[in-house]
Amino acid sequence: MKYSNVTDGIFRLSAHIHDLLFEGIWPLPHGMSMNSYIVQGKEIAIIDGVCGWDGVPETLFRQFEERGLSVQDIRYVVLNHMEPDHTGWLVPLKQITRGFELVATPKALRLAKSFFGLDESFCTLHPVKSGDRIDLGKGKVLRFEEIPNVHWPETMATYEESSRTLFPCDAFGSFGAIREEAPFDDQLSESELAFFEEEAVRYFANIVAAFSWPVKKALEKIDSLDIRVLAPGHGIVWRKNPARIVELYRRLAEWSTAPTEPEITLLWAGTEPSMGSLVKAAVDGALGEGVPIHVHKVPDTHISYILPSVLRSSGVILGIPYSSDPLPSPLAH
Ligand SMILES: [Fe+2]
Ligand SMILES: [Fe+2]
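Computed from a predicted model, the values in this text were never measured in an experiment. As a convention, each chain's residues are numbered from 1 in the sequence order in which they are written. Chains carry letters and ligands carry numbers; both start at the beginning, A for chains and 1 for ligands, and go up in the order they are written. A pLDDT threshold of at least 70 governs which residues receive local features in this predicted model, and a stricter bar of 80 or more applies before side-chain atom pairs are shown or counted, although totals over entire chains, interfaces and linings include all residues. The side-chain values count all of the structure's non-hydrogen atoms but skip hydrogen atoms and water molecules.

Could you give me a rundown of the coordination of the iron ion (ligand 1), with the residues and numbers involved?
Protein coordination at the iron ion (ligand 1) comes from His81 (NE2), Glu83 (OE), His151 (NE2) and Asp170 (OD), with a distance range of 1.9 to 2.2 Å. A 2.8 Å cut-off from the metal defines N, O and S donors, relaxed to 3.2 Å for Na, K and Ca; water is not in the atom list, so some sites may appear incomplete. Counting the intervening residues between successive donors of the iron ion (ligand 1) yields the motif H-x1-E-x67-H-x18-D. Taken as an interatomic distance, the gap from the iron ion (ligand 1) to the iron ion (ligand 2) is 3.8 Å; Asp170 donates to each of them. Taken together, the residues span a long stretch of sequence, with His81 in the loop between β7 (74-78) and α2 (84-87) and His151 in the loop between β11 (140-146) and β12 (156-160) at a distance of 70 residues. For the purposes of this entry, the term helix denotes a DSSP run of H or I that reaches at least four residues, the term strand denotes a run of E that reaches at least two, and both are numbered from the N terminus.

Structural data, given as structure tokens:
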């Protein structure tokens, strides 16, 4: 991977992960990107980080150098979110720097201490709350907004005022690795954008959906910002039409309380001879009424694909052989 220019004075560093279960649960058949952002004023800030897995921190350090910068010059490390996929690199980073200020909410700093033993002996701790700002010089100003419980309690978003760039970390992110030469929405075809939207729905359904109410509260705060660029911790950067992913998230969060899509999800177990005719009848019936129907055989289909399907559907049909005991996962839940 190479670094990329997001906008004037803001650069994106990125590493891809493949061939593993994200968080030990979620398959990544199309990989996943881990994004980190440099904001360069007179001082340099790095926003969000990456995991500490083999080669990942080193990939970012190399991109930093390729940009003509030295990691020694980092003044601020901004932690929007303490989950280890964004913080595992902190200890390797510290080992090659003279020191930096760790900028995060007080809750995040407490977590940083208990996770990694990061305290004042490690680096300068710089707690921030909503509305606090850091002036990096040369017109670059970071402003912070707490968005708790999206999807951890310490979460915040960072907004760069001059470029109107929002760094929301996991919010608005997606599974799916980006193409190195096309990390921005303005470089992608409509089908590629649709792919990242589907992977954003899968990410939301699996990781964030239980926190839909805090997401709604976060959206209320984000709505007050003029966002020209939206740069999440996973997936593509939205700079042509950031409202597109914001509105998708709004719809996803609404699904927790408001009517969902006029669609059906059919989950079935068993064998083709015993269940096939019933599944076919259900599909024919739905399609005959003009209702889209998503069919998943369990346990063959991974639950990470079933959850977004169930989340979006107004109706769910379970097709289970009379003799099924115990019920196959996930029907048992
Ligand atoms: Fe997270
Ligand atoms: Fe993440």
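So that's the structure; there's more coming.
Explain the side chain of Glu160 residue by residue, including any values.
With respect to the element layout, Glu160 can be found in strand β12. The cut-offs for exposure are 20% and 50% of the maximum accessible area for each residue type, with area from a 1.4 Å probe on protein chains only; residues under the lower value are buried, those over the upper are exposed, and the others partly exposed. Residues counted as positive are Lys and Arg, residues counted as negative are Asp and Glu, and His and the chain ends are not counted. Every case where a carboxyl oxygen of Asp or Glu lies within 4 Å of a side-chain nitrogen of Lys or Arg is listed as a salt bridge. Of the buried charged residues, Glu160 lacks a salt bridge, with Lys140 as the closest side chain of opposite charge at 4.4 Å. Within the structure, Glu160 has its side chain in polar contact with the side chain of Ser163 (distance 2.6 Å). In what follows, residue pairs with any heavy atoms lying within 4.5 Å of each other are defined as contacts. Among residues more than four places away in sequence, those in contact with Glu160 are Ile10, Val39, Gly139, Lys140, Val141, Leu142, Thr165 and Phe167. Whenever two N or O atoms come within 3.5 Å, that pair is a polar contact, provided that in protein one can donate a hydrogen and the other can accept it, and provided that, for residues adjacent in sequence, both atoms are side-chain atoms.

Residue-level account of the pattern of salt bridges, with values.
Summed over all chains, the structure comprises 22 salt bridges. Among the salt bridges present, the one from Glu145 reaches Lys221, with a minimum N-O distance of 3.6 Å. Within this pair, whereas Glu145 is found in strand β11, its partner Lys221 is found in helix α6 (residues 212-222), the two being separated by 76 residues in sequence.

Pulling in residues and values, what's your account of the packing of helix α5 (residues 190-208) against helix α7 (residues 242-254)?
Between α5 and α7, the least distance of the axes is 11 Å, while the angle of their chain directions is 35 degrees. Regarding α5 and α7, the two cross each other, and that crossing is right-handed. Only Arg244, Ile245, Leu248, Tyr249, Leu252 and Ala253 of α7 make contact with α5, whose side of the interface consists of Glu190, Leu193, Ala194, Glu197, Ala200, Val201, Tyr203, Phe204 and Val208. To obtain an axis, a line is fitted to C-alpha atoms, over the contacting stretch when the element is a helix, and the angle between two such axes runs from 0 to 180 degrees between their N-to-C directions. Throughout, a crossing is termed right-handed when the near helix is turned clockwise from the far one, and left-handed when it is turned anticlockwise from it by less than a right angle.

For the environment of His294, give the residues involved together with the corresponding values.
By the secondary structure assignment, His294 is in strand β16 (residues 293-297). Assessed through its relative accessible area of 25%, His294 is described here as partly exposed. Along the backbone, His294 and Ile264 are 30 residues apart, and their C-alpha atoms lie at a distance of 6.2 Å. Here His294 is in contact with Glu263, Ile264, Thr265, Leu266, Ser309, Arg312 and Ser313, once residues within four sequence places are set aside. In this structure the side chain of His294 is engaged in a polar contact, spanning 2.7 Å, whose partner is the side chain of Glu263.

Which residues make up the domain arrangement of the chain, and what values do they have?
Where a domain begins and ends is set by an automatic assignment or by a domain database. Taken domain by domain, the chain comprises domain 1 (4-254) and domain 2 (261-319). A straight line from the C-alpha centre of domain 1 to that of domain 2 covers 36 Å. Between domain 1 and domain 2, the contact holds 12 residues from the first and 9 residues from the second. Summed over both partners, the interface of domain 1 with domain 2 buries about 810 Å², with 64% contributed by carbon and sulfur atoms. The tally of links from domain 1 across to domain 2 stands at 2 salt bridges. Across the pair Arg312 and Glu198 runs a salt bridge whose closest N-O atoms are separated by 3.8 Å. Linking domain 1 with domain 2 are 3 residue pairs in polar contact (both at pLDDT 80 or more), by the criterion used here. The set of elements that each furnish at least two residues to the side of domain 1 that touches domain 2 consists of β4 (26-27) and α5. Broken down by element, the residue count for the side of domain 1 that touches domain 2 peaks at 6 residues, all from α5. In this classification, Asp, Glu, Lys and Arg are treated as charged, Ala, Val, Leu, Ile, Met, Phe, Trp, Tyr, Cys and Pro as nonpolar, and every other residue, Gly included, as polar. Here the side of domain 1 that touches domain 2 is built from residues that sort into 8 nonpolar, 1 polar and 3 charged. Buried area: the sum, over both parts, of the accessible surface (1.4 Å probe) that disappears when the two are put together.

I'd like a description of the packing of α6 against α7, backed by residues and values.
In the contact formed by α6 and α7, the axes pass within 9 Å of each other and the chain directions differ by 140 degrees. Viewed along their axes, α6 and α7 form a crossing whose handedness is left-handed. Between α6 and α7, the contacting residues are Ser212, Val215, Lys216 and Leu219 on the first element and Val246, Tyr249, Arg250, Leu252, Ala253 and Glu254 on the second. Split by residue class, the contact of α6 with α7 holds 6 nonpolar, 1 polar and 3 charged.

Describe unusual backbone geometry, with residues and values.
Following Val150, the chain continues to His151 via a peptide bond in cis, the omega torsion being 0 degrees. Phi angles above zero are rare outside glycine, and Arg164 is one such case at about 55 degrees. With respect to the element layout, Arg164 can be found in the loop between β12 and β13 (165-167). For Arg164, a relative accessible area of 30% gives the class partly exposed. The phi angle at Cys169 is positive, at roughly 60 degrees, despite the residue not being glycine. With respect to the helices, strands and loops of the structure, Cys169 is situated in the loop between β13 and α5.

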